[in-house]
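Below, each chain spelled out in residue letters.
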Amino acid sequence: MLVHLSIRDIVLIRRLDIEFAAGLSVLTGETGAGKSILLDALSLALGARGDASLVRAGSSDGQVTAVFDLPKTHLAHDILASEAFDSDGRALILRRVQSADGRSRVFINDQPASVALMRRIGRTLVEIHGQHDERALIEPESHRDLLDAWAGHAGLAKDVSAAWQSWREAVAEFSRQEEKVEAAEREAEYFRASLDELTALELEPGEETLLADERATMMKAEKIAAEIDEAEQLLSGDSSPVSELSGLLRRLSRKAADAAEFIDPIIEPLDQALLTLDQVRIEIDNAIRAMEFDPQRLEDVETRLFALRAAGRKHNVAVDDLAELRDRFAADLADIDAGEEKLAALRIRVDQTRAVFERLAADLSARRIAAAEPLADAVMAELPALKLEQARFVVEIDSNDEQGGPAGIDHVEFAVCTNPGSRAGPLMKVASGGELSRFLLALKVVLAERGSVPTLVFDEIDTGVGGAVADAIGERLARLAGGVQVLSVTHAPQVAAKADVHYLISKASEDETSTVTGVEEIAGIRRQEEIARMLAGATVTDEARAAARRLLSETLSKAS
């Protein structure tokens, strides 16, 4: 619960520290004393939107600190732990610093934090119900959530939402895969034809270069073949000088002994020349063998090169990249086949996730239908004391299996009828202003009794009512305070008399230019006098004091 609220330099509040207790606490005071400022300050510490106008005139910043005492099992501790915040013991401290320049700083347990985290934590700690916050109860869009909260369906509702999300994600993934498969199928015929074509080519790495080199070699040989043949005929044919030179060398060698000094210089170079000519003849033979080619081979090489290069031009890739392209076509076709298999698996997943959603949604729907009448009965039980004994409250549920959503298959709406025999209709259309306030109070009381946050704040919900109705409101707030901490800003003396703790909010002038708001706990005669003022107005009469004593004594006697 909220145990301490500290406010510094917020609007009319210069310095204020309030200790709060369990049970029902009321805050009273004359109109304009600053009750709304107090709630604005509390809201700021709970993550409400900051505003520079909240800072007291002449101050550089304003500050609000709210201290809560919570069990270690409270959700707020789990949220802080998930965000790596220290959360030792039971105390939780929320502090908000609002600067006059519009900037705002947040601290949780004296650690810097974000407004979003503060707001998330604040929602688990305090609910503020005001005379103008009934939209959530009036709007049918919220009625389903209110029914679930009251009936304890939050866990199942969360499962239904998760199942819906899983189903929609499965449907979306199936649709994406279906589009991919359809697009791929449109290209599959081209892929298969191209793959067959490239596979038939039996591509080899570097084949184009090898064939081009071979073709170039054969074409060069063709060009010089005549000259090589002529050289071969000159050295090896009938007119070859080699045989005559060989004969000359033999004859000179026989006569060398007789005239060595003349013949030896001739024999040696002649012998060398014959050796050189013999080597030339060998090289000519080698060249002839190397230049030997089959014209058919040249034609085959040229045909193969044309086919490879034509394929490269067709697919707009280099010949050396055709093998990679072939493999890519094969992979694409494999993906198409795999895509069909994946599509079939996704179709099964869609059916499975839909079945899970439908099962959970049907279960939740059945539970909602079962809870509708008990909720209506609980609200109806509150109506007689609020002078609505002839009214009827109905929880209408329309279920449609074909129109499911993240919240299930049900449309839930609260309806009322205020006259016997009339047909129930929407709250806003059927109930008058005063009746609407009382219906909403009954709803608030019933809904808050289950799964409430630790602290409930009611801001002038008794506006426009009096007498027995105001007394009934006070009784219901006191009843709520038996389970949670309740703070009520009120103008009704009947409500104020039911409080465990009474705070008086007042406004005073510090000087001619400065006004401040203060809050103090009152009891005894001072409390009696404040309730008398609430009964009588500006002039407190003895009759009002007597009535105030009676109200307080009745509360004490009921409590005892």
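Residues numbered from 1 in each chain as written. Predicted model: local features only at pLDDT ≥ 70, side-chain atom pairs only at ≥ 80, totals over all residues. Heavy atoms only, no water.

Considering the overall build of the chain
Assigned secondary structure in the chain consists of 17 helices and 15 strands. Taken along its principal axes, the extent of the C-alpha atoms in the chain is 175 × 60 × 40 Å. Residue burial in the chain is summarised as follows: out of 560 residues, 43% are buried. Excluding contacts between residues fewer than 6 apart, the proportion of contacts in the chain whose partners are at least 24 apart in sequence is 69%. Positive and negative side-chain charges of the chain, numbering 64 and 98 respectively, have mean locations separated by a distance of 10 Å. (Helix = DSSP H or I, 4+ residues; strand = E, 2+ residues; numbered from the N terminus. Buried < 20%, exposed > 50% of the residue type's maximum accessible area, 1.4 Å probe, protein only. Contact = heavy atoms within 4.5 Å. Lys, Arg positive; Asp, Glu negative; His and termini not counted. Charge placed at Lys NZ, Arg CZ, Asp CG, Glu CD.)

What about the pattern of salt bridges?
Side-chain pairs of opposite charge can arise whenever the charged atoms involved come near each other. Throughout the structure, instances matching the rule amount to 22 salt bridges. Salt-bridge contacts for Arg103 lead to Asp101; the nearest nitrogen and oxygen are separated by 2.7 Å. Between Arg545 and Glu529 there is a salt bridge, with its nearest N and O atoms 2.9 Å apart. With Arg545 in helix H17 (residues 542-559) and Glu529 in helix H16 (residues 524-536), this pair connects stretches of sequence that are 16 residues apart. (Salt bridge = Lys/Arg side-chain N within 4 Å of Asp/Glu carboxyl O.)

Quick word on the confidence of the model for the chain
Chain-level pLDDT for the chain is 85 on average; 93% of the residues reach the 70-or-more range. The least confident element of the chain is helix H4 (residues 135-138), whose mean pLDDT is 62; the most confident is strand E4 (residues 61-69), at 94. (pLDDT = per-residue confidence, 0-100.)

Notes on the sheet that holds strand E9 (residues 392-399)
The strand order across the open sheet formed by three strands is E9-E10-E11, and the pairing between neighbours is antiparallel. The open sheet has two edge strands with one neighbour each: E9 and strand E11 (425-426). Looking at chain direction, strand E10 (residues 410-417) and E11 are connected through two bridges and run antiparallel. Considered in E11, the bridge of Val416 is made with Gly425. Lying on the sheet, helix H5 (residues 140-151) is in contact with E9 and E10; it crosses E10 at an angle near 100°. The strands touched by helix H11 (residues 322-382) within the sheet are E9 and E10, with E9 carrying the most contacts at an inclination of about 170°. (Pairing = 2+ DSSP bridges. Axes fitted to C-alpha atoms, helices over the stretch in contact; angles between N-to-C directions.)

Notes on unusual backbone geometry
The backbone of Val11 sits at a positive phi, close to 50°, despite the residue not being glycine. Topologically, Val11 is positioned in the loop between strand E1 (2-10) and strand E2 (13-19). Judged by relative accessible area, which is 29%, Val11 ranks as partly exposed. For Asp110, which is not glycine, the phi torsion reads 65° and is therefore positive. By secondary structure assignment, the location of Asp110 is in the loop between strand E6 (104-108) and strand E7 (111-113). Note on Asp110: relative accessible area 56%, which makes it exposed.

With respect to the side chain of His4
Along the chain, His4 turns up in strand E1. In terms of polar contacts, His4 uses its side chain to reach the backbone carbonyl oxygen of Ile18, at 3.5 Å. Among the polar contacts made by the side chain of His4, one reaches the side chain of Glu19 at a distance of 2.5 Å. (Polar contact = N/O pair within 3.5 Å; in protein donor to acceptor, adjacent residues only side chain to side chain.)

Structural notes on the side chain of Ser6
Take Ser6: it is sitting in strand E1. A residue is classified by how much of its surface remains accessible, and Ser6, at 11% relative accessible area, is buried. Looking at Ser6, its side chain comes within polar contact range of the side chain of Arg8, at 3.1 Å. Filtering out sequence-adjacent residues up to four positions away, Ser6 remains in contact with Leu16, Asp17, Gln63, Val64 and Thr65.

Quick look at the pairing of strand E5 (residues 91-99)
In this structure, E4 lies alongside E5, joined through nine bridges in antiparallel fashion. Within the sheet, the bridge partner assigned to Asp61 lies in E5 and is Ser99. Of the pairings in the sheet, the one linking E5 to E6 comprises five bridges and is antiparallel in character. Note on E6: the bridge partner recorded for Arg95 is Phe107.

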